[in-house]
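Chains, contacts and geometry: an overview
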Amino acid sequence: MTGLATLFPPPILFFALGFGAGAARADLSIPDALAKTLSLYLMVAIGLKGGAALATPGGAEGLWAALAVGLALSFLLPVPAFGLLRLGTGLDRDTAAAVSGHYGSVSVVTFAAASGILATRGVPAEGFMPAVLAAMETPAILSAILLARLGGGAGGPKLQGGKLAREVLLNGPVVLLLGSFLIGWITGPAGKAQLAPFTEALFPGALCLFLLEMGLMAVRQLRVGGGGLSARLILFALAMPLIGGAAGLAGGLLAGLSPGGVALMAVLGGSASYIAVPAAMRLALPLADPGVYVTLSVAVTFPFNILVGIPLWLRMAGT
């Protein structure tokens, strides 16, 4: 049983439960207010713990190398994603660019799930990784816009730069994550000890409940938009996390991160955004089809990462 618990930790099993219950149309749901509260809690807990770890002596060692790798991954990963989509799926340029932006950016929940599993196993990781997570949100959005515009895409209403900048830079989850990280850094180990019952004791249970909801949501999104997905698009949504994860694994090793840090960098490289990037793409690429880019990231890639990607990258990193 111990081996099974290592291979299938509770968060992954709760996601599978939600997905299975949704597929079976069971009378199971998580209230929207609770789901939002759990999401806020996870970001606050991740930020506080990361900031407190950075404040410990030696906690910033390797930070700049990791940030450089994360920024490069976020900006560059949309390029192969765009090429694969244009050559292999026949998507229009704007939609292909929007999808590629999702696969350069990151998923906070995928990161939270991987962090929770590492904590359960007692595997340490660099405390500054939440800062890398936040830094990787934005470059992919810029890359996606450039990919669309270089080919004459990005049609529709004229883009309002100020509105887009506000959507990207003042995106709620990013602001909360960075703000919590700064609070954790300012208060340091004393603040960590004071908030330990909140940030550590409650984290595993909150993550399990949130992943239960994510499993239910993935099935809902498949029912709404899954009918318009071709087999080639689904294949892309399963292959791109492996490409991004491999790049993240190599980048983490290049940056000299610990095995836990390498695993998290691989998870970040293989994840796909479904919060910040969709909001930005609605403004920047209004002609792109959200039924494609939201469904691929939420209903195909996210389940794949939770059930396959995270265990794969943790094993590859030697954790």
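Residues numbered from 1 in each chain as written. Predicted model: local features only at pLDDT ≥ 70, side-chain atom pairs only at ≥ 80, totals over all residues. Heavy atoms only, no water.

Per an unreviewed UniProt entry, the chain carries the name Sodium-dependent bicarbonate transport family permease and comes from Sabulicella glaciei.

**Looking at the nonpolar core**
We apply this condition: Side-chain atoms within 4.5 Å link the members of a nonpolar core, which is a set of buried Ala, Val, Leu, Ile, Met, Phe, Trp, Tyr and Cys residues. Relative accessibility decides the category of a residue: with a 1.4 Å probe and only protein chains considered, values under 20% of the type maximum give buried, values over 50% give exposed, and everything between is partly exposed. Contacts between residues were defined by any pair of non-hydrogen atoms, one from each residue, lying within 4.5 Å.
Within the largest apolar cluster, 87 residues are counted, with the highest numbers of intra-cluster contacts made by Val-99, Met-129, Val-132, Leu-211, Met-281 and Leu-296. Among residues more than four places away in sequence, those in contact with Met-129 are Phe-111, Leu-257, Gly-261, Leu-264, Met-265 and Leu-268. Core analysis: the second largest hydrophobic core is formed by 5 residues, Ile-30, Ala-35, Leu-212 and Leu-216 among them.

**So, the packing of helix α2 (residues 10-23) against helix α16 (residues 290-316)**
For the record, the criterion: To get an axis, a line is fitted to the C-alpha atoms, and for a helix only the part in contact is used. The angle between two axes follows their N-to-C directions and goes from 0 to 180 degrees. Secondary structure elements follow DSSP: runs of H or I no shorter than four residues count as helices, runs of E no shorter than two count as strands, and numbering proceeds from the N terminus. Convention used here: angles under 35 degrees read as roughly parallel, angles over 145 as roughly antiparallel, angles from 65 to 115 as roughly perpendicular, and any remaining angle as oblique. By definition, turning the near helix anticlockwise from the far helix through less than a right angle yields a left-handed crossing, and turning it clockwise yields a right-handed one. Ten residue types, Ala, Val, Leu, Ile, Met, Phe, Trp, Tyr, Cys and Pro, are classed as nonpolar, four, Asp, Glu, Lys and Arg, as charged, and the remainder, Gly among them, as polar.
Between α2 and α16, the least distance of the axes is 10 Å, while the angle of their chain directions is 150°. Judged on the interaxial angle alone, α16 and α2 are roughly antiparallel. You can see that α2 and α16 cross each other, and the crossing is left-handed. Each of Ile-12, Phe-15, Ala-16 and Phe-19 in α2 lies in contact with α16, whose residues at this interface are Phe-302, Pro-303, Ile-306, Leu-307 and Pro-311. Within the contact of α2 with α16, the residues separate by chemical class into 9 nonpolar, no polar and no charged.

**Points about α16**
This is how it is decided: By definition here, a helix of n residues has an expected span of 1.5 Å times n minus one. Two axes enter the bend calculation: one fitted to the seven residues ending at the residue in question, the other to the seven starting there, and the bend is the angle between them. Here a polar contact is taken to be a pair of N or O atoms separated by no more than 3.5 Å, where protein atoms must pair a possible hydrogen donor with a possible acceptor and residues adjacent in sequence count only if both atoms sit in side chains.
With 27 residues, α16 should cover 39 Å at 1.5 Å per step; its first-to-last C-alpha distance of 33 Å lies more than 12% under that length. Of all bends in α16, the biggest is about 50°, found at Asn-305. Its side-chain oxygen placed 2.9 Å from the backbone nitrogen of Gly-291, Asp-289 serves as the N-cap of α16.

**With respect to the packing of aromatic side chains**
Note the cut-off: Paired rings are identified among Phe, Tyr and Trp, the last through its six-membered ring, by centres lying within 6.5 Å, and are further divided according to the angle between planes into stacked (under 30 degrees), edge-to-face (over 60) and tilted (the rest).
Scanning the model with the defined rule gives 6 aromatic pairs in all. Residues Phe-15 and Phe-19 carry aromatic rings whose centres are separated by 6.3 Å and whose planes lie at 35° to one another, so their mutual orientation is tilted. Note that Phe-15 and Phe-19 are positioned in helix α2 at a spacing of 4 residues, about one turn of the helix. Of the residues examined, Phe-15 reaches a relative accessible area of 0% and is grouped as buried. On the numbers, 5.5 Å between centres and 70° between planes, the contact of Phe-15 with Phe-302 is edge-to-face.

**Considerations on unusual backbone geometry**
Glycine aside, negative phi is the norm for most residues, and most peptide bonds take the trans geometry. The phi angle at Arg-25 is positive, at roughly 60°, despite the residue not being glycine. As for its placement among the helices and strands, Arg-25 is situated in the loop between α2 and α3 (32-55).

**What to know about the side chain of Ser-271**
In this fold, Ser-271 is placed in the loop between α14 (259-270) and α15 (276-284). Here Ser-107 takes part through its backbone nitrogen, which lies 3.1 Å from a polar atom of the side chain of Ser-271. At 2.9 Å, the side chain of Ser-271 forms a polar contact with the backbone oxygen of Leu-268. Once residues within four sequence positions are removed from consideration, Ser-271 is found in contact with His-102, Tyr-103, Ser-105, Val-106, Ser-107, Thr-110 and Asn-305.

**So, the environment of Arg-223**
Note on placement: Arg-223 falls in helix α12 (residues 203-225). For Arg-223, a relative accessible area of 39% corresponds to the partly exposed category. Distance in space between the C-alpha atoms of Arg-223 and Thr-295 is 9.4 Å, their sequence separation being 72 residues. If we skip the residues at most four places from it in the chain, Arg-223 touches Gly-22, Ala-23 and Arg-25.

**Considering the environment of Asp-289**
With respect to the helices and strands, the residue Asp-289 is situated in the loop between α15 and α16. On the basis of relative accessible area, Asp-289 is assigned to the partly exposed category, the value being 37%.

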